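Here is what each chain is made of, one letter per residue.
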Amino acid sequence: MPEVIEVGGVKAGRGELKKGVIKGVELVNTVSIDIPVMVMNGLEDGPTLLLMSTQHGIEIQGIEVIRRVMRERLNSRELRGAVIGIPVGNPLAFMHHQYLSWIDNLDVGGVRADNPNGNTTERLAYALWKEAWSKSDLIVNIHCNTRPDSLIYQWINIGNPETKDKLVRMAEAFGVTTIYSDEPVREDSPPTLGNLAARKGIPVILEELIDGRWISEPSTSVGVRGVLNIMRAFNMIDGKVEPQEGITIVPGVNRFYGMIRASRGGLIRFFKKPGEFIRKGEALAEVYDLYGDVLEVIEMPVDGYTWAYPCGQSLGTSGSLQAVQSGAPVAYAFTHEGG
Ligand SMILES: [Zn+2]
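Before going into details, it helps to say that this report is about the structure given with it. Computed from a predicted model, the values in this text were never measured in an experiment.

### Some details on the sheet that holds strand E18 (residues 323–324)
Item 1. The four strands are arranged E14-E13-E12-E18 in an open sheet whose pairing can be described as antiparallel. With one partner strand each, in any of the chains shown, strand E14 (294–299) and E18 form the two edges of the open sheet.
Item 2. In this structure, strand E13 (residues 283–288) lies alongside E14, joined through five bridges in antiparallel fashion. Residue pairing for E14: Ala285 is matched across the bridge by Ile298.

What follows is the structure, given as structure tokens:
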């Protein structure tokens, strides 16, 4: 590990916590929209852990998780390795309280991240990759669903042999409901942040907290405990992994089944809670019109669970209102495979 860790304009020597920015993009009035970053460099060698929140601009719980971990819980003199904290991964989305970049409606995690001469959001992705993601050994990418009754869960892709074991260790340590996918990165996979990391052998775990627009419990405590657990599991700090508490957990191996969608437009009411077992064919929700007449009963397509209710879309973003269009996302469904 180098004596001094450099991320964007921030240089942290051994035993130091430093803050600053990664240079971002420039607006029409030459105001620079940069990416805030904190870097904590431990006294002893160890892995470099990147904590990034708010890739989507309305998912802010991870900002508080990173603040508590880096400003309250960790001590740079007792840390082995380094922690890079990026509280807001897409400052263009965050500054307008929008899910995606307001300039081009793009997702910094969905665009190519290997092109310094690309479009505006691609340049932010490139800055994240070059200055932070590519320098890390372990990455925790913190997102949130909107509603407070969603299920806190994590997603790991175990399709790449180089990162599989580390991802399983990270997930077990963080300790919430885990969705497994199995999609190897191929030659023709687009060079997004996630795919570039997988190609370089860097494990990226996606954490989904809940009540994403507000800093609230249980998301913040679960997030802090989970991050510290990963650091304990990888020997970055002392202590034993602490089990999560106060939340519903569907243990073992779970798989994403698919998005359940509405076929009619209107308001929507739900009959089941995220994390509650639902049999195939049971009524999950119903869509009704502005006169109160029920237009559609939406049934669970499989024995399984939901983790959140996104409720309709506007400008590519779910979850602004409890109302749906035909084709709108209604529920993320998953099945329990075992374990
Ligand atoms: Zn998100």
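There is more to say, and it comes next.
### Quick look at the nonpolar core
Item 1. Counting 101 residues, the largest nonpolar core has Val37, Val39, Leu51, Leu128 and Val330 as the members making the most contacts within it.
Item 2. The residues contacting Val39, other than those within four sequence positions of it, are Ile5, Val7, Val10, Ala12, Lys18, Ala82 and Ile84.

### Topic: the environment of Val224
Item 1. On the secondary structure map, Val224 appears in helix H6 (residues 219–233).
Item 2. Take Val224: there are 18 C-beta atoms within 10 Å of it, and that puts it in the partly exposed class.
Item 3. For Val224 and Arg67, which are 157 residues apart along the polypeptide, the C-alpha to C-alpha distance reads 9.4 Å.

### A word on the packing of helix H1 (residues 61–73) against H6
Item 1. Remark: H1 packs on H6, axes separated minimally by 9 Å, with the N-to-C direction vectors making an angle of 55°. Taken together, H1 and H6 sit at an angle that is classed as oblique. For the pair H1 and H6, the crossing hand works out as right-handed. Contact residues: Gln61, Gly62, Glu64, Val65, Arg68, Val69 and Arg73 in H1; Ser219, Thr220, Gly223, Val224, Val227 and Leu228 in H6.

### Considering the packing of helix H4 (residues 161–174) against H6
Item 1. Orientation of H4 relative to H6, taken along the N-to-C sense of each, is 130°, at an axis distance of 7 Å. Classed by the angle they form, the pair H4 and H6 counts as oblique. Seen from above, H4 lies across H6 with right-handed handedness. In contact with Arg169, Met170, Ala173 and Phe174 of H4, H6 contributes Gly226, Asn229, Ile230, Arg232 and Ala233.
Item 2. The residue inventory of the contact of H4 with H6, partitioned by class, reads five nonpolar, two polar and two charged.

Reading the values: rules and limits
- Residues numbered from 1 in each chain as written.
- Predicted model: local features only at pLDDT ≥ 70, side-chain atom pairs only at ≥ 80, totals over all residues.
- Pairing = 2+ DSSP bridges.
- Helix = DSSP H or I, 4+ residues; strand = E, 2+ residues; numbered from the N terminus.
- Core = buried A, V, L, I, M, F, W, Y, C linked by C-beta atoms within 7 Å.
- Buried ≥ 20, exposed ≤ 12 C-beta atoms within 10 Å, placed from the backbone.
- Contact = placed C-beta atoms within 7 Å.
- Axes fitted to C-alpha atoms, helices over the stretch in contact; angles between N-to-C directions.
- Parallel < 35°, antiparallel > 145°, perpendicular 65-115°, else oblique.
- Left-handed = near helix turned anticlockwise from the far one by under 90°.
- Nonpolar A, V, L, I, M, F, W, Y, C, P; charged D, E, K, R; others polar.

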